[in-house]
Amino acid sequence: MTAAGPTLLVLDDAAQAAAYVGQEVVRTLAQAPATVIGLATGATMRPVHAWLVAAHRRGDVSFAAATSFNLDEYVGLEPQHPCSFAATMRTALFDHADFAPGHIHLLDGGAPDLAAEAERYEAAMGRAGWIGLQLLGIGRNGHIGFNEPGSALESVTRVVSLSPETRAANRAAFGAETVPERALTVGIGTILRASRILLLATGPEKADAVSAAWAGPIRPQCPASALHLHPAACFVCDRQAASAIDQAFWTRSTGR
Ligand code: F6R
């Protein structure tokens, strides 16, 4: 672990950890309404999206001036496919908030030329001035976005193969359908361009990945360890996800 590495914030439970991340989004947009937000999907992010929808309904936040870029998408799924991350985002957040449609950016898993789609997306992020606040989850194998173990730390947006464990972890969302074998993902190098990063991890099944990422060393086998290369990254965990890290490193918060 480097001295200037990420910070670790431990909250009592998953609801408080999600609320903290939601509050940081609201605070960021209150200060800079045109912030470019990097969004993630997955079970961990569901309560964050719900928290943001509730905050929007209360009139506590507007996304009207913001821009969003989602992290990843399954290859082969059109944006209308119910299992696509595009559909998930519409149902969980976009349909219930006031994002300007032209400011929502999603990777198109049904694009005929995937390399061109990845290039288009990376370029659009660059034109937007890169991400201001990036939200991340973490896979049980330490992945961020769909950057699986072995991904280059300087990788950019591209097509990747999903590991068997990642496909198994996401199987529930697909019912009888086969989980795609490939995905488009924003790269680790691209993620590291964000001004600020919040990695949210909740539940005991994330404890080993969080501990490996937190302890370092920085290595492609643990993609989340790349956050040590970033000057303003924070691991936001519940007690269970932080349980494999020595409590001497814990910064506690009441969740406000
Ligand atoms: C999803 C993403 C992934 C997930 C990770 C954890 O957009 O980028 O890295 O954050 O797979 O998924 P959950 O939260 O379902 O455990």
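No experiment lies behind these values; they were computed from the predicted model shown. (Residues numbered from 1 in each chain as written. Predicted model: local features only at pLDDT ≥ 70, side-chain atom pairs only at ≥ 80, totals over all residues. Heavy atoms only, no water.)

Asker: Teacher, can you tell me more about the sheet that holds strand 4 (residues 72-74) here?
Answerer: Strand pairing in a sheet relies on backbone hydrogen bonds. The paired strands run either parallel or antiparallel. With respect to topology, three strands assemble into an open sheet ordered 4-8-7, the strand pairing being antiparallel. Either end of the sheet is taken by a strand with one partner, and the two such strands are strand 4 and strand 7 (158-161). Neighbouring strand axes in the sheet, compared pairwise and without regard to direction, differ in orientation by 30° on average. In terms of strand pairing, strand 7 meets strand 8 (residues 182-185) through four bridges, oriented antiparallel. Following the sheet pairing, Arg 158 is matched in strand 8 by Thr 185. Across the face of the sheet, helix 4 (residues 114-127) comes into contact with strand 7 and strand 8 while running at roughly 25° to strand 8. (Pairing = 2+ DSSP bridges. Helix = DSSP H or I, 4+ residues; strand = E, 2+ residues; numbered from the N terminus. Axes fitted to C-alpha atoms, helices over the stretch in contact; angles between N-to-C directions. Contact = heavy atoms within 4.5 Å.)

Asker: What is the right way to read the packing of aromatic side chains from this model?
Answerer: A ring pair, where both rings are aromatic, is described by two values, the distance of the centres and the angle of the planes. Counting across every chain of the model gives nine aromatic pairs. Residues Tyr 74 and Phe 174 carry aromatic rings whose centres are separated by 5.1 Å and whose planes lie at 85° to one another, so their mutual orientation is edge-to-face. On the criterion of sequence distance, the pair formed by Tyr 74 in strand 4 and Phe 174 in the loop between helix 5 (164-169) and strand 8 is long-range, its members being 100 residues apart. In terms of burial, Tyr 74 and Phe 174 fall into one category: buried. Between Phe 85 and Phe 146 the ring centres are 5.8 Å apart and the planes differ by 25°, which places this aromatic pair in the stacked class. Of this pair, Phe 85 sits in helix 3 (residues 85-92) while Phe 146 sits in the loop between strand 6 (133-136) and strand 7, and the two are 61 residues apart along the sequence. Under the relative-accessibility criterion, Phe 85 is labelled buried at 11%. Relative accessible area serves as the criterion here: at 3%, Phe 146 is assigned to the buried category. (Phe/Tyr/Trp six-rings, centres within 6.5 Å; stacked < 30°, edge-to-face > 60°. Buried < 20%, exposed > 50% of the residue type's maximum accessible area, 1.4 Å probe, protein only.)

Without other data, these values stay purely geometric and don't point to any function.
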